[in-house]
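Take a look at the letters that make up each chain.
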Amino acid sequence: MSEKPISPLRQRMIEDMMVRNFVEKTRNDYIRQVKTFTAFLGRSPDTATAEDLRRFQLHQTRTGVRPPSINGSVAALRFFFTVTLDRPEMARHLTFVREPRKMPAVLSPEEVARLLEAAPGPKYKAALSAAYAAGLRVSEVVALKVSDIDSERLLLRIEQGKGRKDRFAMLSPQLLELLRDWYRIARPAVWLFPGRDPILPLTTRQLVRTVHAAANMAGIKKRVTPHTLRHYVASRTMSRAFSSGLVFSANSFGP
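Residues numbered from 1 in each chain as written. Predicted model: local features only at pLDDT ≥ 70, side-chain atom pairs only at ≥ 80, totals over all residues. Heavy atoms only, no water.

A short note on the packing of helix 2 (residues 24–41) against helix 3 (residues 50–62)
For the pair helix 2 and helix 3, interaxial distance at closest approach is 11 Å and the crossing angle is 105°. Classified by the angle their axes make, helix 2 and helix 3 are roughly perpendicular. Along the contact surface, helix 2 presents T36, F37, F40 and L41, while helix 3 presents D52, L53, R55, F56 and H59. Of the residues assigned to the contact of helix 2 with helix 3, the class counts are five nonpolar, two polar and two charged. (Axes fitted to C-alpha atoms, helices over the stretch in contact; angles between N-to-C directions. Helix = DSSP H or I, 4+ residues; strand = E, 2+ residues; numbered from the N terminus. Parallel < 35°, antiparallel > 145°, perpendicular 65-115°, else oblique. Contact = heavy atoms within 4.5 Å. Nonpolar A, V, L, I, M, F, W, Y, C, P; charged D, E, K, R; others polar.)

Pasting the structure below:
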């Protein structure tokens, strides 16, 4: 069965994104958003008018499309019209939607201790502790290498974090001891938190599932996500939890 050929217009957009070094996920998202607009339009998107864009955004609002999805389509269509079609005047007819801000869930020191103790094994306890104490995104935790730990300067090197930028995160002495204990147990070669296949890192999906399972096991009723762990207020709570001894000791990582 032969694959459906890619249209010249889509191929051009893909090439425009590759030239600008867009990551694969962004390229796929942008193509999907333009396909959605094309399906609404019922004809080739390069024939769209300003009125078509207005009708599309009105359709999204009326059908209950959430602000993040609307804004994703705006970003994709702005790129499509401005770069691929060289019609920058069309971009001003696309409007980003303000997202209502909600107060994030904040865990108490006791909840932090329960969550970490409910993690299934020392690898996940160490990974969640890194996310919480160093304020790391889930994608940054799973991408940590053994060589990223700078024990002398108490820093964690984060490669290609948000915005594909390298940075350093603070490494507390307590977290360093936890990571050292995990290293003594597993002796990981490259990835600090290897996956089922030791030559590959733990996946973000596995870590997200672990957070949800641990929160459920710990009886935490709040909606807990990996982002909850890296929230600024929660990070300050983590420091107090470590200093007060509420969180498990480094010895709990022993064999």
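Following the structure, the description resumes.
A few points about helix 8 (residues 173–186)
For helix 8, spanning 14 residues, the distance from its first C-alpha to its last is 20 Å, which sits close to the expected 20 Å at 1.5 Å a residue. When helix 8 is considered as a whole, its buried residues turn out to be L175, L176, L178, L179, D181 and W182. Phi turns positive, to about 50°, at R187, one or two residues after helix 8. (Expected span 1.5 Å × (residues − 1). Buried < 20%, exposed > 50% of the residue type's maximum accessible area, 1.4 Å probe, protein only.)

Observations concerning the layout of surface pockets
The volume enclosed by the second largest pocket comes to roughly 300 Å³. Where the lining of the second largest pocket is concerned, the elements lending two or more residues are helix 1 (8–19) and helix 2. Take the lining of the second largest pocket: its biggest share by element is four residues, from helix 2. Residue composition of the lining of the second largest pocket, by class: eight nonpolar, three polar and three charged. (1 Å grid on protein atoms, 1.4 Å probe; cavity = no way out; pocket = protein on both sides within 12 Å on 5 of 7 lines; lining within 4 Å. Points joined across faces, edges and corners; volume = space filled by probe spheres on them.)

Overview of unusual backbone geometry
Not every positive phi belongs to a glycine, and N21 is a case in point at roughly 60°. The residue N21 is located in the loop between helix 1 and helix 2 in this model.

Concerning helix 9 (residues 204–217)
End to end, helix 9 covers 20 Å across 14 residues, agreeing with the expected 20 Å (1.5 Å per residue, within 8%). Three or more residues of helix 9 are buried, namely Q206, L207, T210, V211, A214 and A215. Relative to the axis of helix 9, the buried residues are bounded by an arc of 165° and lie together on one face. Residues R205, R209 and N216 are exposed on helix 9 and point more than 90 degrees away from its buried face. Count one or two residues on from helix 9 and you reach G219, which has phi positive near 70°. (Arc of directions from axis to C-beta.)

Observations concerning the packing of helix 1 against helix 2
Where helix 1 meets helix 2, the axes come as close as 10 Å, and the angle between the chain directions of the two elements is 150°. The orientation of helix 1 with respect to helix 2, classified from their angle, is roughly antiparallel. Considering only the axes of helix 1 and helix 2, their crossing is right-handed. Where helix 1 approaches helix 2, its residues R10, M13, I14, M17 and M18 are matched on the opposing element by R27, Y30, I31, V34 and K35. (Left-handed = near helix turned anticlockwise from the far one by under 90°.)

Brief notes about the sheet that holds strand 3 (residues 167–170)
Ordered by their spatial adjacency, three strands build an open sheet running 1-2-3, and the pairing between neighbours is antiparallel. The sheet is open, and its two borders are formed by strand 1 (149–150) and strand 3, each paired with just one other strand. Bridging between strand 2 (residues 155–158) and strand 3 involves four bridges; their strand directions are antiparallel. Bridging from a neighbouring strand, L156 pairs with A169 of strand 3. (Pairing = 2+ DSSP bridges.)

Concerning the nonpolar core
Side chains of nonpolar character tend, in soluble globular proteins, to be buried together. By size, the foremost hydrophobic cluster in this structure holds 36 residues, and its most contacted members are F193 and L207. Of all the elements in the fold, those that place two or more residues in this core are helix 5 (109–117), helix 6 (122–133), helix 7 (138–142), strand 2, helix 8 and helix 9. Residue contributions to this core peak at six residues, all from helix 6. Apart from the residues lying within four places of it in its own chain, the contact partners of F193 are K123, A126, A127, V141, L144, L179, W182, P201 and L202. In this structure, M13, Y30, I70 and M90 belong to the second largest nonpolar core, which totals 21 residues. (Core = buried A, V, L, I, M, F, W, Y, C linked by side-chain atoms within 4.5 Å.)

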